[in-house]
Amino acid sequence: MGRIKNIWNPDNFQGKHEKKEYFEGWYFKLVDKEEENFLAIIPGISIKDDGSSHSFIQVNDGNNNKAYYIEYLYKDFTYEEDKFIVKIGGNLFSKDKLILDIDTNDLKLKGKLEFKNNVEWPVKLLSPGAMGWFRFMPFMECYHGVVSMNHDIYGNININSKTINFDKGKGYIEKDWGTSFPKTWIWAQSNHFSKENNSIFISIANIPFIGREFNGFLMGLLHEGKLYRFTTYTGSKINKLKYMDDSIEFTVSDSKYSLHVKIIKHNTTRLISPKNGNMNGTVEESLTSSIEIELKNKKNNTIIFKDIGRNSGFEVKGRLI
């Protein structure tokens, strides 16, 4: 019963009954008010049947382009049954707070952050979160959830003797779970535009499905309190996807709106990604890229929103065909 209930609670830990070739991880993106400090904190678990199961916390220090992967015992991972509260050792993760207590030779990270004014992706009866009706499919390689599109941060973190005040900073939380990340994908996210509380999330990936493959996508643009969704399951279409040396450009549209996007890559850090439950893949991630967007009303060809997102997370793995 708990597994079925969790379909409508994608934030919660989904892997209670998994025994092998499974991963689950949450992604916390943190930017301070002055836009001088950029961190991504990724807690998760890797489940294998060969004795190598473990939990982990991965950190992307966007200021110094350094990544840290701290491995914990499998038993160090605990969770609440009916809500998103996960603990790994002395660290706690939820949609409302983050408590960090990491002490290794390379990384000393300690502090507490609180999140307020969270904007969640809608969960509906027939569309339980960002995956839409694909969430009901029991054989997907990778599932995705958006925990908070945009929220305010309060608190401090000390990283390697440097104290960062995150009061009135901006954050974003998402998660993934399944057996493996896709073989190719594009991911981007920004909370920093000319006006506050605008946000964009982009995910395009190669999806194995019933013996075939297709390019599926999830995109959400939060503008003036309204979430504009462009997704495979809502009938949106991508055209003119173009790869360049340091950027990617495309247009996505549905029956009412079109969204033109250009993502420009800045410095990247190599992170670890999952494959068949093992954390042995890699991907380059930036926390300082930019996203140029233009949202149009197709009926009268007027521009609803045009801006450039700063401090953008950005990943590209392979090339989508």
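These numbers were taken from a predicted model, which means no experiment stands behind them. (Residues numbered from 1 in each chain as written. Predicted model: local features only at pLDDT ≥ 70, side-chain atom pairs only at ≥ 80, totals over all residues. Heavy atoms only, no water.)

Asker: Could you give an account of the pairing of strand E17 (residues 212-223), naming the residues involved and the relevant values?
Answerer: Moving residue by residue along a regular strand, the side chains alternate between the two faces of the sheet. Sheet topology places strand E16 (residues 199-209) next to E17; 11 bridges connect them, and they run antiparallel. Within E17, the residue paired with Ile-202 across the bridge is Met-219. Two strands pair when backbone bridges link them, and E17 and strand E18 (residues 226-231) are joined in this way by 6 bridges, in the antiparallel orientation. If you follow Met-219 over to E18, its bridge partner there is Phe-230. (Pairing = 2+ DSSP bridges. Helix = DSSP H or I, 4+ residues; strand = E, 2+ residues; numbered from the N terminus.)

Asker: Residue-level account of empty space enclosed by the protein, with values.
Answerer: Scanning the entire structure with this criterion turns up 1 cavity of 30 Å³ or more. Taken as a whole, the largest cavity spans an internal volume of roughly 630 Å³. In terms of lining residues, the largest cavity is bounded by 42 residues, among which Cys-142, His-144, Asp-176, Phe-181 and Ser-203 are the most central. The biggest single contributor to the lining of the largest cavity is E16, with 6 residues. Tallied by class, residues from the lining of the largest cavity come to 28 nonpolar, 8 polar and 6 charged. (1 Å grid on protein atoms, 1.4 Å probe; cavity = no way out; pocket = protein on both sides within 12 Å on 5 of 7 lines; lining within 4 Å. Points joined across faces, edges and corners; volume = space filled by probe spheres on them. Nonpolar A, V, L, I, M, F, W, Y, C, P; charged D, E, K, R; others polar.)

Asker: Now, about the nonpolar core: what can you tell me, with residues and values included?
Answerer: The biggest cluster of nonpolar side chains holds 65 residues, and the ones touching the most others in it are Phe-28, Leu-30, Ile-41, Val-59, Phe-93, Leu-98 and Leu-109. A total of 8 residues in this core trace back to one element, the largest contributor, which is strand E12 (residues 142-159). Residues within four places of Leu-109 in sequence aside, it is in contact with Ile-41, Val-59, Leu-100, Asp-101, Ile-102, Ile-157, Asn-158 and Ile-159. Counting residues in each nonpolar core, the second largest holds 25 residues, with Ala-188, Met-219, Leu-295 and Leu-320 among its members. (Core = buried A, V, L, I, M, F, W, Y, C linked by side-chain atoms within 4.5 Å. Buried < 20%, exposed > 50% of the residue type's maximum accessible area, 1.4 Å probe, protein only. Contact = heavy atoms within 4.5 Å.)

Asker: Tell me about the pairing of strand E2 (residues 38-47), and name the residues and values.
Answerer: Burial analysis of E2 places 10 of its 10 residues in the buried class, the great majority of the element. A two-sided burial pattern is seen for E2, the buried positions comprising Phe-38, Ala-40, Ile-42, Gly-44 and Ser-46 on one face and Leu-39, Ile-41, Pro-43, Ile-45 and Ile-47 on the other. By the bridge criterion, 8 bridges tie strand E1 (residues 22-31) to E2 in an arrangement that is antiparallel. From the neighbouring strand, Leu-30 faces E2, where its bridge partner is Leu-39. Here E1 folds back onto E2 in antiparallel fashion, the turn holding 6 residues, of which Glu-35 has a positive phi close to 60 degrees. Relative to strand E3 (residues 54-61), E2 runs antiparallel, the two being bridged by 8 bridges. Paired with Ala-40 across the two strands is Asn-60, which belongs to E3. Counted along the chain from E2 to the antiparallel partner E3, the turn is 6 residues long, and its residue Gly-51 has a positive phi close to 90 degrees.

Asker: Would you mind going over the packing of aromatic side chains in detail, with residue names and values included?
Answerer: Scanning the model with the defined rule gives 21 aromatic pairs in all. Aromatic pair Trp-26 and Phe-77: ring centres 6.5 Å apart, planes at 25 degrees, arrangement stacked. Within this pair, whereas Trp-26 is found in strand E1, its partner Phe-77 is found in strand E5 (residues 77-79), the two being separated by 51 residues in sequence. Here Trp-26 and Phe-77 have matching classes, each one buried. (Phe/Tyr/Trp six-rings, centres within 6.5 Å; stacked < 30°, edge-to-face > 60°.)

Asker: Help me get a handle on the layout of surface pockets, residues and values and all.
Answerer: Here the second largest pocket defines a volume of roughly 260 Å³. Lining the second largest pocket are 19 residues, with Asp-11, Asn-12, Phe-84, Lys-95 and Glu-120 sitting closest to its centre. Here the residues of the lining of the second largest pocket are counted per class, giving 9 nonpolar, 5 polar and 5 charged.

Asker: Which residues make up the side chain of Asp-307, and what values go with them?
Answerer: Positionally, Asp-307 belongs in strand E24 (residues 302-317). Buried and unpaired, Asp-307 has no salt bridge, with Arg-310 as the nearest side chain of opposite charge at 6.0 Å. For Asp-307, the side chain forms a polar contact with the main-chain nitrogen of Ser-194, separated by 2.9 Å. Here Asp-307 is in contact with Phe-193, Ser-194, Lys-195, Ile-291, Glu-292 and Ile-293, once residues within four sequence places are set aside. (Lys, Arg positive; Asp, Glu negative; His and termini not counted. Salt bridge = Lys/Arg side-chain N within 4 Å of Asp/Glu carboxyl O. Polar contact = N/O pair within 3.5 Å; in protein donor to acceptor, adjacent residues only side chain to side chain.)

Asker: Which residues make up the pattern of salt bridges, and what values do they have?
Answerer: Under the criterion given, the structure shown has 12 salt bridges. Salt-bridge contacts for Glu-120 lead to Lys-95; the nearest nitrogen and oxygen are separated by 3.2 Å. Taken together, the residues span a long stretch of sequence, with Glu-120 in the loop between strand E9 (108-119) and strand E10 (123-124) and Lys-95 in the loop between strand E7 (91-94) and strand E8 (97-103) at a distance of 25 residues. When its relative accessible area of 43% is taken as the criterion, Glu-120 is described as partly exposed. On the accessibility criterion, Lys-95 (27% relative accessible area) is partly exposed. Between Lys-110 and Asp-101 there is a salt bridge; the shortest N-O distance is 3.5 Å.

Asker: So what's going on with the side chain of Glu-315? Which residues, and what values?
Answerer: Positionally, Glu-315 belongs in strand E24. A polar contact of 3.0 Å, which involves the side chain of Glu-315, links it to the side chain of Trp-185. Residue contacts for Glu-315: discarding those within four places in its chain leaves Trp-185, Ile-186, Trp-187, Leu-271, Val-283, Glu-284 and Glu-285.

These results come straight from atomic positions and should not be treated as a statement about function.
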